[in-house]
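Here's the letter readout for the chains.
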Amino acid sequence: MRKQLIAYSLQLIEKYKTHARSLQVTSYRLQTGFTLIETMVAISLLMLALIPPMSLAAQALTTAYYARNQVTAYYLAQEGIEIVRAVRDANIIAIAEGNSSANIFDGIPYGTTAATAPAFTVDALQVTSSALDTCTSSGCPPLQTNGSVYGYAPGCEPSGTNGTWTTSDCGTASGWTDTTFTRTVKAYLLSSSDPDEMRVTVSVTWKQGSFQTQTFTINEDLYRWVSG
Amino acid sequence: MKKHLITYSLQLAGKCKRFLRSLRPASYKPQAGFTLLLAALVASIALTLGSSIYTIVSKELILSSIGQDSQFAFYTADTAAECALYWDTRFNWFSTTPPTQTATCDGQTITLLNPPGRANTYTPTSTMEFQIDLFSDSGAGYCADVSVEKGIDHTANATDTLVIANGYSVSCTAIDTAPDALQRTVELQY
């Protein structure tokens, strides 16, 4: 029995020895992971490959927002000019219809010089002279939107012809929220001695990013081409 | 002696087993350079995406700038057209008789280019033309080129007027050289 056990043990040893020899690959190297330098080189290469396109995409996104705001701003500025013009043209029609007391610049809160011109707001939703409201010294309130049009929350605007704003922000009311745009309109006579030529200036200011403020301004001169 | 041999054999067997286990790394895979290919693929996709987005956006920016310039050009044309309308309807400035007033638009005196100096050779069907830089109080201003054409409508026995006002997004001196000068036109007929 013991003899057998010894023989078996010896056989077992021989078997393991053979097996172990067969497992020893001649070119085998031990893989214990990457070294620190290898990792750093790999990371820096990956950064070199990924950071430029990523920053390019990020910059493109910022520029896309800027382009979008610029388009919105110039349409808002155009609307501002057209509203003031519509008030002037309504007066021309009144004069043409025989209203002798009508003045072509009625309803437009204008100054005789650029320095004294009051800043006012216009609202496309109510194109009458009552929609032209002068702002306070702290500036005009930001334009609001209800999701489809720009304007001011109903009831927020001062009532009456050329009212004066009492608030600097309409807040959130009945679905209206503030936008980043503020539209300021000014009208003044180009020469105090010439009451026939009026400059209308519309400035749309908006916040671009966290710190930048952009402004788009357009001018238009309106003439008293109908006496009255 | 036999006992020792058995113990030794068993110890050796255990040793061999441990050695064999240590020789077998759990996660050993052959490195055939596939990672480099994948990295190049990811990098090229990212670069293509980034550059194509940038191309689209830079075109957007050009478009919005053109829109902006277009506004300047349009309101220059509109102001110039109104100015011509004002001097025509209120002072009959574009009549055959040389007017007494000096016409001004935006504080600038209007000087006719055509007919030069309002010569006597001027006929009612002539086209009068003037060029001014509007809104020049801040910056170079925007050029307005206005032509006023007077004609006689014989059937209605009235004067026809055609005002064509061209507004530019640059000043008059820069029109020929500016690479991005934009023109808008307003036409009045009465």
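Refer to the preceding data block for the structure.
Not measured: the values here are computed from a predicted model. (Residues numbered from 1 in each chain as written. Chains lettered and ligands numbered in written order. Predicted model: local features only at pLDDT ≥ 70, side-chain atom pairs only at ≥ 80, totals over all residues. Heavy atoms only, no water.)

Chemist: Looking at this model, I keep getting lost on the overall build of chain B. Mind explaining?
Modeler: Counting secondary structure elements, chain B contains 2 helices and 7 strands. Reading chain B from its N terminus to its C terminus gives the helix and strand order α-α-β-β-β-β-β-β-β. Taken over 190 residues, chain B has a buried fraction of 38%. Once local pairs closer than 6 in sequence are excluded, the contacts in chain B between residues at least 24 apart make up 45%. Here chain B displays about 11,400 Å² of accessible surface, and carbon together with sulfur accounts for 59% of that area. (Helix = DSSP H or I, 4+ residues; strand = E, 2+ residues; numbered from the N terminus. Buried < 20%, exposed > 50% of the residue type's maximum accessible area, 1.4 Å probe, protein only. Contact = heavy atoms within 4.5 Å. Areas by Shrake-Rupley, 256 points an atom, 1.4 Å probe, with all protein chains shown as cover.)

Chemist: Just to check I follow, could you spell out the side chain of Asn91 of chain A for this structure?
Modeler: Residues and elements named next belong to chain A. When you line up the elements, Asn91 lands in helix α2 (residues 36-96). A polar atom in the side chain of Asn91 sits 2.9 Å from the backbone oxygen of Ile104. Those residues in contact with Asn91 that lie beyond four places of it in its chain are Asn103, Ile104, Phe105 and Asp106. (Polar contact = N/O pair within 3.5 Å; in protein donor to acceptor, adjacent residues only side chain to side chain.)

Chemist: Honestly, the state of the cysteines in this entry has me stumped. Any pointers?
Modeler: Each disulfide is one covalent bond, formed between the sulfur atoms of two cysteines. Inspection of every chain in the model, using the stated rule, returns 3 disulfides over all chains. With its sulfur 2.0 Å from that of its partner, Cys135 of chain A forms a disulfide with Cys140 of chain A. On the S-S bond that ties Cys135 of chain A to Cys140 of chain A, the torsion sits near 95 degrees, and the link is right-handed. For the pair formed by Cys135 of chain A and Cys140 of chain A, the shared burial category is buried. For Cys83 of chain B, the disulfide goes to Cys105 of chain B, at an S-S distance of 1.3 Å. A torsion of -45 degrees about the S-S bond marks the disulfide between Cys83 of chain B and Cys105 of chain B as left-handed. A residue pair is termed long-range when its members are at least 10 positions apart, and Cys83 of chain B in helix α2 (residues 34-91) and Cys105 of chain B in strand β1 (residues 104-105) qualify at 22 residues. Of the two residues examined, Cys83 of chain B and Cys105 of chain B, each falls in the buried class. Sequential numbering of the bridged cysteines in chain B gives the disulfide pattern 1-2, 3-4. (Disulfide = S-S within 2.5 Å.)

Chemist: Explain the interface of chain B and chain A to me, please; I cannot follow it from the model alone.
Modeler: How big an interface is tends to be reported as the loss of accessible area on association of its parts. Taken together, the contact between chain B and chain A spans 45 residues of the former and 49 residues of the latter. Carbon and sulfur atoms make up 67% of the area that chain B and chain A hide from each other, which totals about 4,300 Å². Joining chain B to chain A, the criterion identifies 6 salt bridges. Seen at the junction of chain B and chain A, the total is 16 residue pairs in polar contact (both at pLDDT 80 or more). If you list the elements that add at least two residues to the side of chain B that touches chain A, you get α1 (2-23), α2 and β1 of chain B. It is α2 of chain B that provides the largest number of residues to the side of chain B that touches chain A, a total of 26 residues. Here the side of chain B that touches chain A is composed, by residue class, of 25 nonpolar, 12 polar and 8 charged. (Buried area = accessible area lost by both parts, 1.4 Å probe. Salt bridge = Lys/Arg side-chain N within 4 Å of Asp/Glu carboxyl O. Nonpolar A, V, L, I, M, F, W, Y, C, P; charged D, E, K, R; others polar.)

Chemist: Sorry if this is basic, but what is going on with α2 of chain A here?
Modeler: It helps to recall that an α-helix has 3.6 residues per turn; residues three or four apart then point in one direction. All names here are of chain A. The terminal C-alpha atoms of α2, which comprises 61 residues, lie 87 Å apart, in line with the 90 Å expected from a rise of 1.5 Å per residue. Of all the bends in α2, the greatest reaches close to 30 degrees and is centred on Leu50; the proline Pro52 follows between one and four positions later. Positioned one or two residues after α2, Gly98 has a phi angle of 100 degrees, which is positive. (Expected span 1.5 Å × (residues − 1). Bend = angle between axes of the 7 residues up to and from the residue.)

Chemist: Before we go on, may I ask you to explain the pairing of strand β5 (residues 142-153) of chain B in this structure?
Modeler: As a general feature of sheets, a regular strand has side chains that alternate between the two faces. Residues and elements named next belong to chain B. The pairing of strand β4 (residues 127-134) with β5 spans 8 bridges and is classified as antiparallel. The residue bridging Met128 from the neighbouring strand is Val148, located in β5. Counted between consecutive antiparallel strands, the loop separating β5 from strand β6 (residues 158-168) contains 4 residues, among which Asn157 sits at a positive phi close to 50 degrees. (Pairing = 2+ DSSP bridges.)

Chemist: How should the pairing of strand β6 (residues 181-191) of chain A be read in this particular structure?
Modeler: Residues and elements named next belong to chain A. Here 2 bridges tie strand β1 (residues 119-121) to β6, and the two strands are oriented antiparallel to one another. In the sheet register, Ala119 faces β6, and the bridge partner there is Lys186. Looking at chain direction, β6 and strand β7 (residues 194-208) are connected through 10 bridges and run antiparallel. Within β7, the residue paired with Tyr188 across the bridge is Arg199. The turn linking β6 back onto β7 is made up of 2 residues.

Chemist: Would you mind going over the pattern of salt bridges with me for this structure?
Modeler: All names here are of chain B. This structure, assessed with the given rule, holds 12 salt bridges over all chains. With a shortest N-O distance of 2.8 Å, Lys150 and Asp88 are connected by a salt bridge. A residue pair is termed long-range when its members are at least 10 positions apart, and Lys150 in strand β5 and Asp88 in helix α2 qualify at 62 residues. A relative accessible area of 11% means that Lys150 is categorised as buried. When its relative accessible area of 5% is taken as the criterion, Asp88 is described as buried.

Chemist: Could you clarify how one ought to interpret the nonpolar core in this entry?
Modeler: It is characteristic of soluble globular proteins that their nonpolar side chains tend to be buried jointly. Counting 43 residues, the largest nonpolar core has Val84, Ile108, Phe120, Leu132, Met198, Val200 and Phe216 of chain A as its most contacted members. Elements with a contribution of two residues or more to this core: α2, β6, β7 and β8 (212-223) of chain A together with α2 of chain B. Ranked by the residues each element gives to this core, the list is headed by α2 of chain A, at 11 residues. The contact partners of Ile108 of chain A, leaving out residues within four places of it in the chain, are Val84, Val87, Arg88, Phe120, Leu132, Ala187 and Met198 of chain A. Counting residues in each nonpolar core, the second largest holds 25 residues, with Tyr86, Trp93, Leu112 and Ala144 of chain B among its members. (Core = buried A, V, L, I, M, F, W, Y, C linked by side-chain atoms within 4.5 Å.)

Chemist: I would appreciate a short explanation of the sheet that holds β7 of chain A in the present structure.
Modeler: Backbone-to-backbone hydrogen bonds pair the strands of a sheet. The strands run either parallel or antiparallel. All names here are of chain A. Read from one edge of the open sheet, 5 strands run β2-β1-β6-β7-β8, paired in antiparallel fashion. Single-partner strands in this sheet number two, and they are β2 (133-134) and β8. Packed onto the sheet, α2 meets β1, β6, β7 and β8 and runs at close to 155 degrees relative to β7. (Axes fitted to C-alpha atoms, helices over the stretch in contact; angles between N-to-C directions.)

Chemist: Would you explain the sheet that holds strand β4 (residues 150-151) of chain A in this entry?
Modeler: Residue and element names in this part refer to chain A. Taken together, 3 strands build an open sheet; the order of strands is β4-β3-β5 and the sheet is antiparallel. If you trace the sheet from one side to the other, it starts and ends with β4 and β5 (177-178), each paired once. Examined bridge by bridge, strand β3 (residues 144-145) and β4 share 2 bridges and lie antiparallel to one another. For Thr145, the partnering residue across the bridge sits in β4 and is Tyr150.

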